[in-house]
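Here is how the chains run, residue by residue.
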Amino acid sequence: VQARCDFISKCLQKNKTRHMLLRAHWYTEIADGQEKVKQSRPALKLIFLMAMAEAIAKDRKNNIGLESLRAIQEFFKYIIPEDKSILCGSFRRLLTRPRQPMLRFSSILRILGEVRNKAVHGEDYFTFSFRREDGDCDLITVGYLGKRGRKRRIPLDMSLTYQELRDIFKRTAIENIKSLL
């Protein structure tokens, strides 16, 4: 508890880190509240987690015109190795053929970015899901990969809950802020 208080005190001494900390809290709180707006639509929650990541990355880089995907990649440069391992192990291609290649970390970030884009633009906010908190088995859902205009639907075997992803985003936000202290 004392380490948390010391971290917050250090953050509050600089305008940039104070701003980043407040954004992290604000966006996470909004994402958590989406269940009240529309139940069973995890893509709506993901919009705000991704917005938090983008805002923090842009703050770190003094908002130098980073596009969304590039900002997300900048944000995740500070992910701790354990969390990166969890993400890579939780997003798996559905085994539709033998020797299916594992998803790269960059592909997972692109999938999350595409889910966010489709939800923001009202195209598809209902096909992507996380494993339920009370679920004891993995979930089959979809993501999209590929170049602009030629994205293909990728069936995913998902073993990550929203809460787990949220915690990864929060820890990564803290690591981003720590890098400036």
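About the thresholds
Residues numbered from 1 in each chain as written. Predicted model: local features only at pLDDT ≥ 70, side-chain atom pairs only at ≥ 80, totals over all residues. Heavy atoms only, no water. Helix = DSSP H or I, 4+ residues; strand = E, 2+ residues; numbered from the N terminus. Contact = heavy atoms within 4.5 Å. Salt bridge = Lys/Arg side-chain N within 4 Å of Asp/Glu carboxyl O. Buried < 20%, exposed > 50% of the residue type's maximum accessible area, 1.4 Å probe, protein only. Lys, Arg positive; Asp, Glu negative; His and termini not counted. Polar contact = N/O pair within 3.5 Å; in protein donor to acceptor, adjacent residues only side chain to side chain. Core = buried A, V, L, I, M, F, W, Y, C linked by side-chain atoms within 4.5 Å. Phe/Tyr/Trp six-rings, centres within 6.5 Å; stacked < 30°, edge-to-face > 60°. pLDDT = per-residue confidence, 0-100. Axes fitted to C-alpha atoms, helices over the stretch in contact; angles between N-to-C directions. Parallel < 35°, antiparallel > 145°, perpendicular 65-115°, else oblique. Left-handed = near helix turned anticlockwise from the far one by under 90°.

Once that is clear, we can look at the environment of A24. Along the chain, A24 turns up in helix α2 (residues 15-37). As a C-alpha pair, A24 and K170 span 146 residues in sequence and 7.1 Å in three-dimensional space. The contacts of A24, once residues within four sequence positions are left out, are M52, I56 and A173.

Moving on, we get to the pattern of salt bridges. Applying the stated criterion to the full structure yields nine salt bridges. K58 serves as the salt-bridge partner of E54, at 3.1 Å between the closest nitrogen and oxygen. Placement of the pair is E54 and K58 together in helix α3 (residues 42-60), with a separation of four residues, close to one helical turn. For the residue pair E54 and K58, the accessibility class agrees, reading buried in each case. Residues K77 and E74 are paired through a salt bridge, measuring 2.8 Å at the closest nitrogen-oxygen approach. Overall, E74 belongs to the buried group, its relative accessible area being 6%.

This part covers the side chain of R60. Mapped onto the elements of the fold, R60 is located in helix α3. Of the side chains with opposite charge, E74 comes closest to the buried, unpaired R60, at an N-O distance of 4.9 Å. Polar contacts involving the side chain of R60 include one to the side chain of Y78, which spans 2.7 Å. When near neighbours in sequence (up to four residues on either side) are disregarded, R60 contacts K16, M20, Y78, N176, S179 and L180.

Let's shift gears to the nonpolar core. One finds M52, F75, F76, L87, F91, L165 and F169 to be the most contacted residues of the largest nonpolar core, which totals 43 residues. For this core, the leading source of residues is α3, giving nine residues. Filtering out sequence-adjacent residues up to four positions away, F75 remains in contact with A53, I56, A57, F169, T172, A173 and N176.

With that settled, consider the packing of aromatic side chains. Overall, the coordinates contain five aromatic pairs when judged by the stated rule. Measuring from ring centre to ring centre gives 6.0 Å for F75 and F169, while their planes differ by 25°; the resulting arrangement is stacked. Taken together, the residues span a long stretch of sequence, with F75 in helix α4 (residues 68-75) and F169 in helix α7 (residues 162-178) at a distance of 94 residues. A relative accessible area of 0% places F169 in the buried class. Both rings, one in F76 and one in F105, keep their centres 6.1 Å apart while their planes meet at 80°; by these two values the pair is edge-to-face. Of the two residues, F76 sits in the loop between α4 and α5 (81-90) while F105 sits in helix α6 (residues 105-120), which places them 29 residues apart along the sequence.

Attention shifts here to the confidence of the model for the chain. For the chain, per-residue confidence averages 82 on the pLDDT scale, and 83% of positions sit at 70 or higher. Taking the mean pLDDT of every element in the chain, the minimum, 66, falls on strand β2 (residues 139-145) and the maximum, 93, on α7.

Where α4 meets α6, the closest approach of the two axes is 10 Å, and the angle between their N-to-C directions is 135°. One element, α4, and the other, α6, form an angle in the oblique class. α6 is crossed by α4, and the crossing has right-handed handedness. Contacts between α4 and α6 pair S68, L69, I72 and Q73 from the former with L109, R110 and R116 from the latter.

We now examine the environment of I174. Counting through the fold element by element, I174 comes out in helix α7. Separated by 157 residues in sequence, I174 and T17 place their C-alpha atoms 9.7 Å apart.

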